[in-house]
Every structure is written in structure tokens, then in C-alpha cells.
Amino acid sequence: MSSLIEASGITRDYHKGSTLIHVLKGLNISVDRGEFIAIMGPSGSGKSTLMHILGCLQSPTSGRYLLDGMDVFSAPDRVRSSIRANHIGFVFQTFNLIPQLNVYENVELPLLYSDIGNSTAEERVLHAVDQVGLKKRINHKPGELSGGEMQRVAIARAIAINPSLVLADEPTGNLDSATGLEIMKLFKRLHDDGATIVLITHDSEVASHAQRRIYIKDGLLTEEKGI
Ligand SMILES: Nc1ncnc2c1ncn2[C@@H]1O[C@H](COP(=O)(O)OP(=O)(O)OP(=O)(O)O)[C@@H](O)[C@H]1O
Ligand SMILES: [Mg+2]
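Quantities reported herein were computed from a predicted structural model and do not represent experimental measurements.

Rules and cut-offs
Along each chain, the written sequence defines residue order, and numbers are assigned to residues from 1. Starting at A for chains and at 1 for ligands, labels are handed out in the order in which the entities are written. In keeping with the predicted nature of the model, local features appear solely for residues at pLDDT of at least 70, side-chain atom pairs appear and are counted solely at 80 or more, and the whole-chain, interface and lining totals rest on all residues. As a convention, hydrogens and water are excluded, and side-chain values are obtained from all of the structure's heavy atoms. Only buried Ala, Val, Leu, Ile, Met, Phe, Trp, Tyr and Cys residues count toward a nonpolar core, and they belong to the same one when joined by side-chain atoms within 4.5 Å. When a residue's accessible area, from a 1.4 Å probe over protein chains only, is under 20% of the maximum for its type it is buried; when over 50% it is exposed; and in between it is partly exposed. Only DSSP runs of H or I covering at least 4 residues are called helices, and only runs of E covering at least 2 are called strands; the numbering of each starts at the N terminus. Here, residues are in contact when the closest pair of their heavy atoms is within 4.5 Å. Salt bridges are identified by distance alone: a Lys or Arg side-chain nitrogen within 4 Å of an Asp or Glu carboxyl oxygen. A donor here means any N, O or S atom no more than 2.8 Å from the metal (3.2 Å for Na, K and Ca); water is not included, so a site may seem to lack partners. Residues are classed as near a molecule or strand on a simple rule: at least one heavy atom within 4 Å of it. Pairs of N or O atoms within 3.5 Å make up the polar contacts considered here, provided that, within protein, one atom can donate a hydrogen while the other can accept it, and that residues adjacent in sequence are counted only when both atoms are side-chain atoms. Method for areas: the Shrake-Rupley scheme with a 1.4 Å probe, in which residue coverage is limited to the protein chains shown. In this description, strands pair whenever DSSP reports at least two bridges between them. Every angle, taken between N-to-C directions, lies between 0 and 180 degrees, and every axis is a line fitted to C-alpha atoms, over only the stretch in contact when it is a helix.

Asks: When you look at the nonpolar core in this model, what are you seeing that I'm missing?
Replies: The nonpolar side chains of a soluble globular protein tend to be buried, and buried together. Ranked by size, the top nonpolar core spans 41 residues in total, and within it Val107, Ile155, Phe187 and Ile197 carry the most contacts. When contributions to this core are tallied by element, the ones reaching two or more residues are β3 (36-40), α3 (103-113), α4 (118-131), α5 (147-159), β7 (165-169), α6 (177-192), β8 (196-200) and α7 (204-207). The element best represented in this core is α5, accounting for six residues. Excluding its chain neighbours within four sequence positions, the residues that come into contact with Ile197 are Glu35, Phe36, Ile37, Val166, Phe187, Leu190 and His191. Listed in part, the 30 residues of the second largest apolar core include Leu24, Leu54, Leu67 and Ile214.

Asks: Would you mind going over the pattern of salt bridges with me for this structure?
Replies: Applying the stated criterion across every chain, the model contains eight salt bridges. Between Asp68 and Arg33 there is a salt bridge; the shortest N-O distance is 3.0 Å. Of this pair, Asp68 sits in the loop between β4 (62-67) and β5 (70-71) while Arg33 sits in the loop between β2 (19-32) and β3, and the two are 35 residues apart along the sequence. Relative accessible area serves as the criterion here: at 35%, Arg33 is assigned to the partly exposed category. For Glu35, the salt bridge is made with Arg212, and the minimal N-O distance between the two is 2.7 Å. Of the two residues, Glu35 is situated in the loop between β2 and β3 and Arg212 in strand β9 (residues 212-217); the sequence distance between them amounts to 177 residues. Each of the two residues, Glu35 as well as Arg212, counts as buried. Within the structure, one salt-bridge network assembled from shared partners comprises Glu35, Arg212 and Glu223.

Asks: Would you mind showing me how to read the coordination of the magnesium ion (ligand 2) here?
Replies: Angles at a metal have ideal values that depend on geometry: 109.5 degrees with four tetrahedral donors, 90 or 180 degrees with six octahedral donors. In this structure, Ser48 (OG) and Gln93 (OE1) serve as the protein donors to the magnesium ion (ligand 2), at separations of 2.0 to 2.4 Å. In this pair, Ser48 is assigned in helix α1 (residues 47-54) and Gln93 in the loop between β6 (88-91) and α3, connecting sequence segments 45 residues apart. Under the relative-accessibility criterion, Gln93 is labelled partly exposed at 36%.

Asks: Help me understand the site of ligand 1, please; the structure alone is not making it clear to me.
Replies: Taken together, 13 residues sit near ligand 1, with Lys16, Ser43, Gly44, Lys47 and Thr49 positioned nearest. Side-chain polar atom of Lys16 to an oxygen atom of ligand 1: 2.8 Å apart, as the coordinates give it. Interatomic distance of 3.2 Å between a backbone N/O atom of Ser45 and an oxygen atom of ligand 1. Computed on the free molecule, ligand 1 has an accessible area of 630 Å², of which 66% lies beneath the protein chains in the complex.

Asks: Explain unusual backbone geometry to me, please; I cannot follow it from the model alone.
Replies: Most peptide bonds adopt trans geometry, and most residues besides glycine take a negative phi value. A positive phi angle, close to 50°, is found at Asp68, a residue other than glycine. Overall, the relative accessible area of 49% leaves Asp68 in the partly exposed class. Unlike most non-glycine residues, Asn162 shows phi in positive territory, near 60°. Position of Asn162 relative to the elements: it lies in the loop between α5 and β7. Asn162 sits in the exposed class, given a relative accessible area of 55%.

Asks: In this structure, what is going on with the sheet that holds β8? I would like to understand it.
Replies: Two modes of strand pairing occur in sheets, parallel and antiparallel, and in both the strands are linked by backbone hydrogen bonds. Taken in spatial order, the six strands of this open sheet run β6-β7-β8-β3-β9-β10, and their pairing is mixed. Both edges of this open sheet fall to β6 and β10 (220-223), since each of them pairs with a single strand only. Between one strand axis and the next, the sheet turns through 20° on average, direction left out of account. With four bridges connecting them, β3 and β9 associate as parallel partners. When the sheet's bridge partners are listed, Ala38 is paired in β9 with Arg213. Sheet strands touched by α1: β3, β6, β7, β8 and β9. Its angle to β7, the strand with the most contacts, is close to 160°. Docked against the sheet, α6 engages β3, β6, β7 and β8, running at close to 155° with respect to β8.

Here you go:
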């Protein structure tokens, strides 16, 4: 299998007041095309930071990142934006839904930045909303939805472009275990359909659905052994 993600020596520093904190300290990660991996680690260990780097939303302080063979942080901004818009689906830890827009419009949003045409876009939105079981709520705004429903809208929005890479940050973090299981079934289906999935979670039960688990600690990654 070929690598979709190949990152080496990734560091990320943040300024906190006058001190510089080293969140990622030269980590290496490689993910094959079609893999389903979970990234685990304590709060504040840098999981979301890593996800933002892997999703080309934020640059590392140093290091090299090859996505599908392309050195993305050496590429021009517009190339990075296009990769993001057409190939990567994000499920953010805090949903990031737009309160003024209804479910349909929230899910449609990333499609407007992609190269997908209008007629296909409508089809994609309806299909994604259907996949997460929210057809009946399609005209509702986020404020009228439960936490689990908002989470599902965030997932529909991530999958509507048919992404080859799905990055999901605590997608079950706000859900009861039954709803969480439903969400995991969705990810499994996406994986079966060929997507590469990188899922961030605190929950070892949720992580057990992945093919491989990676732990982030003290700015570095370790892989589970012996399974
Ligand atoms: N924009 C920023 N500016 C300054 N510090 C930041 C910024 N983003 C993150 N940090 C710091 O970097 C560290 C890692 O944050 P990050 O959000 O990646 O952790 P996390 O593992 O996702 O945590 P959680 O499990 O709580 O979501 C934290 O100490 C955080 O305060
Ligand atoms: Mg986080």
C-alpha cells in the first residue's frame, strides 16, 4: 500500500505570553491510503494541532509533510487551498457550524469552495444529510438541534465532497454511547467505501474501531505494540 500521509520531523511551537511552548517536538507519522487510524493522547498534548497540520490548515514550525506525494507546505497557498477543498473532509472538535445557516446550507458550504458543479453539489448535500439520518431536519438551524444532531451535521459536511482523507477531531466527544456507536458505524462505512480516516479521540472504546492506534505524548508519537 502507498502512503497518503508521510510527515517527518514535525514541530510546532506556540507563544504563550513571553514563553515559547513546544507542543510537537519532531514527530513522524505515516498513514497508508485506505487506512483507518486513531490518534489518542491527553488533553493539551497537541492532537488538534496535529490534525490542523495534517489538514493543511496550519503550518508546522518545521518539518516536512508529503500528502499524496506532494510537499504541501512548500506548495503555493492556492494549491493547498484546492487540496483542502477537494480532498479533505474535516470534523472539528467544536463542530464549527454556522448558526445562521440551516442544515442544508451548512453541509453545502465546503462544496462552494470545491470544483464540484451546482447540480452535483445538491445531490451530494442531500446524500450526505441522508447518510447521517438528518433528512427530516434539513431546514433546521444548529440552534434547533441536539448535540448529537449537530455532530452529525458536522460529519455530513465533512463527507459531502467525497473526501479521500477524513480528519475527525473527537467526533463522538459530545455524544452518549449509543449515538457515538451510530457515528462510528458511519466512519466504518466511509472507510469501507475507500476513505482514509484519521480519528482523534480520548476514548479507547472509540479508538478500538480503528485499524491502528497512535499515542501522542510529550510532543512525540508512539505506536501501540504487539497487536
Ligand atoms: N493558537 C494557539 N496559541 C497558543 N497556544 C495554543 C494554540 N493552539 C493550541 N495551543 C496550545 O497547544 C497545546 C496543544 O493544544 P491542542 O489543542 O492541540 O491539544 P489537544 O491534544 O487537542 O487537547 P484536547 O484533548 O483538550 O482537545 C495546548 O497547551 C494549547 O494551549
Ligand atoms: Mg483537541
